[in-house]
Amino acid sequence: MVEIVSAHTDLRRQGERYVGLCPFHEERTPSFSVDPREKLYYCFGCERGGDVFRFLEEKEALSFPEAVERLGERYGVEVERESEDPRAEEARRRRERLRELLERTSTFYVSFLWEAPKAEKAREYLARRGLSEETLRAFGVGFAPSAWDQVLTRGQRAGYSVQEMHAAGLVQRGRQGGFYDRFRARITFPVRDPRGRVLGFGARAMGEDAKGPKYLNSPEGVFKKSSALFGIDRARAAIARRNRAVVVEGYTDVLALHQEGVEESVAVMGTAITPDQLKLLSGHAEEAVLAMDADRAGEDAMIRAQKVAGARRMRLRVAAMPEGEDPADLLTDGGSERMGDLIERAVDLPVFQVEAAIARADTSSPAGRDHALDEVAPVLAAMDPDSVSRQELVRTVADRLDTDAGLVTRRIDREGRGGRAMAPADADRGAPAKAGEPARPRSARERRGRALIAMCLAAPAKGREYLARLTPAHLSSPLMTRALEWTRDHLDDPMAGLPREDGELVSVVTQLVMASRREPASREAMELNLLWLEQAMIDDQIAAQAGAGAPPVELQRRRAELGERIKHWEGQGNEVRREER
Ligand SMILES: [Zn+2]
């Protein structure tokens, strides 16, 4: 749920929930919340709410079956269909076949690595890097034969067309128009999605006689390298457990780190971490340590990363790798301790960037210092202006450049205004949000009705009794009456089977279920809310009779009696201040 919603708005954890700006209506302060346990969302501003399917229906304009399909696809859950549109069915079959083809090919590369005499050198190379067979097998590392058509003919024999193999990125077209294997005489690393399904391959050339680039990946059309992370399927659990991800650049670095127990390691397939990759990680952890050449990534990419991470309250740190060494080298000489040390000593990304810029600068001349200020300003401008870390960094910069903090701050402000163009936006590339109207403020009566029903959900044993006593006359609206009836009939699992076409009911029941997790459902609180609602109901009746002439003595008497009982329950010393949030 959090991962899906995070594609549309930045969420941050607040106790057991996640909160953020509502993706459905314009707002400045967050009133949108997600309950990761119940897997529900609700906005107190525009009152939209529901489950993950409803979110996709509303936000990505999908039909319910499409939303189910999309999620099944993404999380590897088989969706059973009773009937299906033939075109959608064909597209799905095609995707399944390609996935199967990639999986089979991966298995073939693995067995070739371990069984073929021609893979001897590859086995030696990997052993020299200190990688055990167990680790290599766990990651599905393989070897692509040097022949031009091994994968091609095997695929054809298994019933795949050349077009399918081309679409899977396994073969490519030659100058004469024929097709041949894309990966030849290379060590292959299957890149998988978080669920472990093969998306494509990265392949490393072997030996000096190798032609072509050192690393060759599946073509971009097969999978998006900027949103995949090598090793995420095996690292996911450790990332969540340690609340941290270690991000490196090379496939073998990931393998070496996992082998040494740094199981929260993943690799990017480029020189910088991308916003998509950070979003994927931020669903599992609050910190990412970049154990890679952060200088090489380019400053723009790092500033973009910092912004995405900052918006998600994710901490990005840089472990400075010693010149010319990568994590795998560190592990072979010095063992895991040196690497562990580097990770522990990693500095926050902005600090790293500022230090690097100042180290590069010629601080002996005013022009050099000006230039350094130009370089650090965008870094500082990307930070939360109210954070202590930015204030500290501003002082450091002022100190090192021999100027005053006010000047540095003014320079950042100018940067902030000028650099606005690349500021927010990339958190939300989905469909434009409908400018939903903020909801009308609720009456005290409606708040109490909602609070009482939420308490009934929180404590179903007592709740059953109160739901039986509640009547439509107690409640403020037809919608609340429908909500009452629904919860009364579905007290055990109110979200199951909600009529999806009734958006209002879905929203109100969602809100009640989410509120139920936070309502202290004491007998006193429930009784008091019911008494209040009874009083409100009698007020209605008195008002209705007001024009009729006869003084509603009986009603007045009952109202007074209710007042006494309310006082009695309030006197029990319980704190019942029913504000429904
Ligand atoms: Zn909203």
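Residues numbered from 1 in each chain as written. Predicted model: local features only at pLDDT ≥ 70, side-chain atom pairs only at ≥ 80, totals over all residues. Heavy atoms only, no water.

## A word on the coordination of the zinc ion
Put simply, a metal with four donors set out as a tetrahedron has ideal angles of 109.5 degrees, and one with six donors set out as an octahedron has ideal angles of 90 or 180 degrees. At 2.0 to 2.3 Å from the zinc ion lie its protein donor atoms, namely Cys 22 (SG), His 25 (ND1), Cys 43 (SG) and Cys 46 (SG). Around the zinc ion sit 4 donor atoms; with metal-centred angles ranging over 104 to 116 degrees, the donor geometry is tetrahedral. Sequence spacing of the donors to the zinc ion: C-x2-H-x17-C-x2-C. Of the two residues, His 25 is situated in the loop between β2 (17-20) and β3 (32-35) and Cys 43 in strand β4 (residues 40-43); the sequence distance between them amounts to 18 residues. (Donors = N, O, S within 2.8 Å, 3.2 Å for Na, K, Ca; no water. Tetrahedral: all angles 85-135°; square planar, octahedral: opposite > 155°, others 65-115°. Helix = DSSP H or I, 4+ residues; strand = E, 2+ residues; numbered from the N terminus.)

## Focus: the sheet that holds β4
The 5 strands are arranged β1-β2-β3-β4-β5 in an open sheet whose pairing can be described as antiparallel. Every interior strand has two partners, whereas the edge strands, β1 (12-14) and β5 (49-51), have only one. Averaged over all neighbouring strand pairs, the angle between strand axes comes to 25 degrees, with direction disregarded. Bridge analysis of β1 against β2 gives 3 bridges, and the strand direction is antiparallel. Residue pairing in the sheet places Gln 14 in a bridge with Arg 17 of β2. (Pairing = 2+ DSSP bridges. Axes fitted to C-alpha atoms, helices over the stretch in contact; angles between N-to-C directions.)

## Quick word on the packing of aromatic side chains
Considering all chains together, one arrives at 18 aromatic pairs under this definition. Note on Phe 108 and Tyr 109: the rings are 6.0 Å apart at their centroids and 40 degrees apart in plane angle, and the pair reads as tilted. Both residues of the pair, Phe 108 and Tyr 109, belong to the buried class. Ring geometry for Phe 108 versus Phe 112: centroids 6.0 Å apart, planes at 55 degrees, classification tilted. Pair noted here: Phe 108 and Phe 112 are both in helix α4 (residues 86-115), with a separation of 4 residues, about one helical turn. Accessibility classification places Phe 108 together with Phe 112 in one group, the buried group. One aromatic cluster is present, built from ring pairs that chain together Phe 108, Tyr 109, Phe 112, Phe 143, Phe 183 and Phe 201. In this structure, Arg 184 is placed above the aromatic ring of Trp 148, and the distance from its NZ or CZ to the ring centre is 4.1 Å. (Phe/Tyr/Trp six-rings, centres within 6.5 Å; stacked < 30°, edge-to-face > 60°. Buried < 20%, exposed > 50% of the residue type's maximum accessible area, 1.4 Å probe, protein only. Lys NZ or Arg CZ within 6 Å of the ring centre and 35° of its normal.)

## Topic: the pairing of strand β10 (residues 198-205)
Taking burial as the measure, the 8 residues of β10 include 7 buried ones, the bulk of the element. As judged from the 7 bridges shared by strand β9 (residues 186-192) and β10, these two strands associate in the antiparallel manner. Note on β10: the bridge partner recorded for Val 191 is Gly 200. In this structure, the hairpin formed by β9 and β10 is closed by a connection of 5 residues, where Gly 196 is found at a positive phi of approximately 95 degrees. Looking at chain direction, β10 and strand β11 (residues 215-217) are connected through 3 bridges and run antiparallel. What sits directly across from Ala 203, in β11, is Leu 216.

## So, the pattern of salt bridges
Applying the stated rule across the entire model yields 36 salt bridges. Its salt-bridge partner being Glu 264, residue Arg 244 comes within 2.6 Å of it at the nearest N-O pair. With Arg 244 in the loop between α9 (232-242) and β12 (245-248) and Glu 264 in the loop between α10 (251-259) and β13 (265-267), this residue pair connects regions lying 20 residues apart in the sequence. Both residues of the pair, Arg 244 and Glu 264, belong to the buried class. Taken together, the shared-partner salt bridges connect Glu 465, Arg 469, Arg 523, Glu 527 and Arg 565 into one network. (Salt bridge = Lys/Arg side-chain N within 4 Å of Asp/Glu carboxyl O.)

## Quick word on the side chain of Thr 487
By the secondary structure assignment, Thr 487 is in helix α21 (residues 478-489). For Thr 487, the residues in contact, after removing those within four places along its chain, are Ile 453, Leu 457 and Leu 467. (Contact = heavy atoms within 4.5 Å.)

## Thoughts on unusual backbone geometry
Its identity is not glycine, yet Glu 47 carries a phi of approximately 65 degrees, on the positive side. By the element assignment, Glu 47 lies in the loop between β4 and β5. Judged by relative accessible area, Glu 47 falls into the buried class, the value being 19%. Despite not being glycine, Ala 185 has its phi angle at roughly 50 degrees, a positive value. Of the residues examined, Ala 185 reaches a relative accessible area of 26% and is grouped as partly exposed.

## What to know about α21
With 12 residues, α21 should reach 16 Å at 1.5 Å per residue; the first-to-last C-alpha distance of 17 Å fits that figure. Residues of α21 that are buried include every one of Leu 479, Met 480, Thr 481, Ala 483, Leu 484, Trp 486 and Thr 487, and no others. Structurally, α21 contributes buried residues whose contacts are with α19 (444-458), α20 (460-469) and α22 (503-516). (Expected span 1.5 Å × (residues − 1).)

## Let's talk about helix α15 (residues 349-360)
Between its terminal C-alpha atoms α15 stretches 16 Å, which fits the 16 Å expected from 12 residues at 1.5 Å a residue. Looking only at α15, the buried set comprises Leu 349, Pro 350, Phe 352, Gln 353, Val 354, Ala 356, Ala 357 and Ile 358.

## Considerations on the confidence of the model for the protein
With 90% of its residues at a pLDDT of at least 70, the protein reaches an overall mean of 84. No element of the protein has a lower mean pLDDT than helix α13 (residues 327-332), which averages 70, and none a higher one than strand β6 (residues 142-144), which averages 97. Low pLDDT, under 50, characterises residues 419-438; the stretch is placed with 31 contacts to residues that sit more than four places away or in other chains. Low pLDDT (under 50) marks residues 574-581, which in the prediction has 22 contacts with non-local residues, meaning those over four places away or in another chain. (pLDDT = per-residue confidence, 0-100.)

## Structural notes on the packing of α19 against α22
Where α19 contacts α22, the two axes come as close as 8 Å, and the packing angle between them is 65 degrees. Considering how the two elements wind past one another, α19 and α22 form a crossing that is right-handed. Facing Arg 450, Ile 453, Ala 454, Leu 457 and Ala 458 of α19, the residues of α22 in contact are Val 508, Gln 511, Leu 512, Val 513, Ala 515 and Ser 516. Split by residue class, the contact of α19 with α22 holds 8 nonpolar, 2 polar and 1 charged. (Left-handed = near helix turned anticlockwise from the far one by under 90°. Nonpolar A, V, L, I, M, F, W, Y, C, P; charged D, E, K, R; others polar.)

## Brief notes about the sheet that holds strand β14 (residues 287-290)
Pairing is mixed in the open sheet, where 5 strands are placed in the order β13-β12-β14-β15-β16. Both outer strands of the open sheet, β13 and β16 (347-348), are each paired with one neighbouring strand and no more. Two elements, strand β15 (residues 315-318) and β16, share 2 bridges in a ladder whose sense is antiparallel. Counted as the bridge partner of Val 318 is Val 347 from β16.

## Things to note about the pairing of β9
The buried fraction of β9 is high, at 7 of 7 residues. In this structure, β6 lies alongside β9, joined through 3 bridges in antiparallel fashion. Note on β9: the bridge partner recorded for Phe 143 is Ile 187.

## Observations concerning the packing of α4 against helix α5 (residues 120-128)
Taken N-terminus to C-terminus, the directions of α4 and α5 make an angle of 85 degrees; their axes are 7 Å apart at the nearest point. With respect to α5, the axis of α4 lies roughly perpendicular. Taken together, the residues of α5 that come into contact with α4 (itself represented by Phe 112, Leu 113, Trp 114 and Glu 115) are Ala 122, Arg 123 and Leu 126. Grouping the constituent residues of the contact of α4 with α5 by class yields 5 nonpolar, no polar and 2 charged. (Parallel < 35°, antiparallel > 145°, perpendicular 65-115°, else oblique.)

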